[in-house]
Amino acid sequence: MIVQSTYRRRWRIAAAWGVVALFVFPLYYWTTTAFKNARDIFDRPPNVWIFEPTLKNFEEVFGISLGFLRQQEVLPGGGNFYMAPRLWDSIVVAIGSTTLSVMIATLAAYGLSRMDFKSRHLFVGWVLSTRMMPPVAVAIPLFFIYKDVGLLDSYAGIILIHAVMNLPLAVLLMKSFFDDIPREIDESAIIDGASRWLIFRRVILPMAKGGIAATAVLCFIFSWTEFVFVLTLTQTGLKTVPVVSSSFVTSTGTAWGNMAALGAAAMIPAFIFILLVQKQLVRGLTLGSLKQ
């Protein structure tokens, strides 16, 4: 029996590693493509493990010289594939929209969780229904509105529309976290003379840090990967990484190395953001799983 149990445990561990490898391999292949030259990228069969690494793709994408890392000096890149400002655009838009979404959603969700009013459930359903509208259905009308009010090609315009699209999901997610915090805590604080704002700021928010982190991660990922609104509401100004990735497809072919370099670099800010809220994120994802 002990031998059979050990045998099954080893098989489960092997299966788990197999699933992990299945999901990690595309990321590995994409990242290594950023360090390959054109010969290795188009070689058949593909050079998955053994190839001559190069920094040329990163030099062209970010317009900097990395020749000091190698024996041969390489002049700074740039040209049509210079995308460093686009990475900065993505960071500004994602952080700005995430901050705005979480601030508004936290206040709205606390009100929906703690304050009883007529047709509250219908209002919550209406909030959810606004997220069901596909972005392409409102992209063209928004273009004309933004053109009239002067928000085209602006950080404020993209941050605003990303925040609006994030709000329904953020409100409902934060409401579920606030619902898991007992109302008795609010009632005890009110008896002690605390105001609603003081309770929210000093008591509820510290207890909901995990939920706020989980909501912020989802909002950040949506804004980081959103394509339709940025494509429609920007012309010659700011562009985010998902939109400019299409510019690597030229009449002479696709610059896979440069595209992979930009994609590999674009994963770093999202990874750092998730790493910073890792502890709160784990707590937020498990909040409410145990009930007394």
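(A) Quick look at the environment of aspartate 179. Tracing the chain through its elements places aspartate 179 in helix 7 (residues 155-179). For the pair aspartate 179 and leucine 112, spaced 67 residues apart in sequence, the C-alpha to C-alpha distance is 9.3 Å. Setting aside its immediate chain neighbours within four residues, aspartate 179 contacts Ser113 and Arg114.

(B) Geometry of the pattern of salt bridges. A full pass over the atoms with the stated rule returns 5 salt bridges. A salt bridge links arginine 86 to aspartate 89; its shortest N-O distance comes to 3.0 Å. Highlighted residues: arginine 86 and aspartate 89, both in helix 4 (residues 84-114), separated by 3 residues, approximately one helical turn. In the salt-bridge network here, residues are joined through shared partners; they are Arg114, Asp186 and Arg196.

(C) Representation of the packing of helix 4 against helix 7. Where helix 4 contacts helix 7, the two axes come as close as 6 Å, and the packing angle between them is 40°. It follows from the interaxial angle that helix 4 and helix 7 lie oblique. Seen from above, helix 4 lies across helix 7 with right-handed handedness. Taken together, the residues of the contact of helix 4 with helix 7 sort by class into 19 nonpolar, 7 polar and 4 charged.

(D) The arrangement of a positive patch on the surface in detail. Where like charges cluster on the molecular surface, the positive patch consists of Arg8, Arg9, Arg10 and Arg12. Relative to the elements of secondary structure, arginine 10 occurs in helix 1 (residues 2-33). We classify arginine 10 as exposed; its relative accessible area is 59%.

(E) Seen up close, the environment of alanine 105. On the secondary structure map, alanine 105 appears in helix 4. Taking the relative accessible area as the measure of exposure, alanine 105 reaches 0% and is therefore buried. When neighbours within four sequence positions are excluded, alanine 105 is seen to be in contact with Leu167, Ala170, Val171 and Met174.

(F) Quick look at the packing of aromatic side chains. In the structure shown here, the tally under the stated rule is 11 aromatic pairs. Plain terms: the ring middles of tyrosine 110 and phenylalanine 200 are 4.9 Å apart, the flat faces sit at 50° to each other, and that makes the pair tilted. With tyrosine 110 in helix 4 and phenylalanine 200 in helix 9 (residues 196-207), this residue pair connects regions lying 90 residues apart in the sequence. Judged by relative accessible area, tyrosine 110 falls into the buried class, the value being 5%. Given the relative accessible area of 4%, phenylalanine 200 is considered buried. Ring plane angle 35° and centroid distance 5.7 Å describe the contact between tryptophan 197 and phenylalanine 200, whose orientation is recorded as tilted. With tryptophan 197 and phenylalanine 200 both in helix 9 and 3 residues apart, the pair spans about one turn of that helix. Taken together through their ring pairs, the aromatic side chains of Phe25, Tyr28, Tyr29 and Trp49 make up a single cluster.

Parameters and conventions
- Residues numbered from 1 in each chain as written.
- Predicted model: local features only at pLDDT ≥ 70, side-chain atom pairs only at ≥ 80, totals over all residues.
- Heavy atoms only, no water.
- Helix = DSSP H or I, 4+ residues; strand = E, 2+ residues; numbered from the N terminus.
- Contact = heavy atoms within 4.5 Å.
- Salt bridge = Lys/Arg side-chain N within 4 Å of Asp/Glu carboxyl O.
- Axes fitted to C-alpha atoms, helices over the stretch in contact; angles between N-to-C directions.
- Parallel < 35°, antiparallel > 145°, perpendicular 65-115°, else oblique.
- Left-handed = near helix turned anticlockwise from the far one by under 90°.
- Nonpolar A, V, L, I, M, F, W, Y, C, P; charged D, E, K, R; others polar.
- Patch = residues over 30% accessible without salt bridge, like charges linked within 9 Å, V, L, I, M, F, W, Y side chains within 5 Å.
- Areas by Shrake-Rupley, 256 points an atom, 1.4 Å probe, with all protein chains shown as cover.
- Lys, Arg positive; Asp, Glu negative; His and termini not counted.
- Charge placed at Lys NZ, Arg CZ, Asp CG, Glu CD.
- Buried < 20%, exposed > 50% of the residue type's maximum accessible area, 1.4 Å probe, protein only.
- Phe/Tyr/Trp six-rings, centres within 6.5 Å; stacked < 30°, edge-to-face > 60°.

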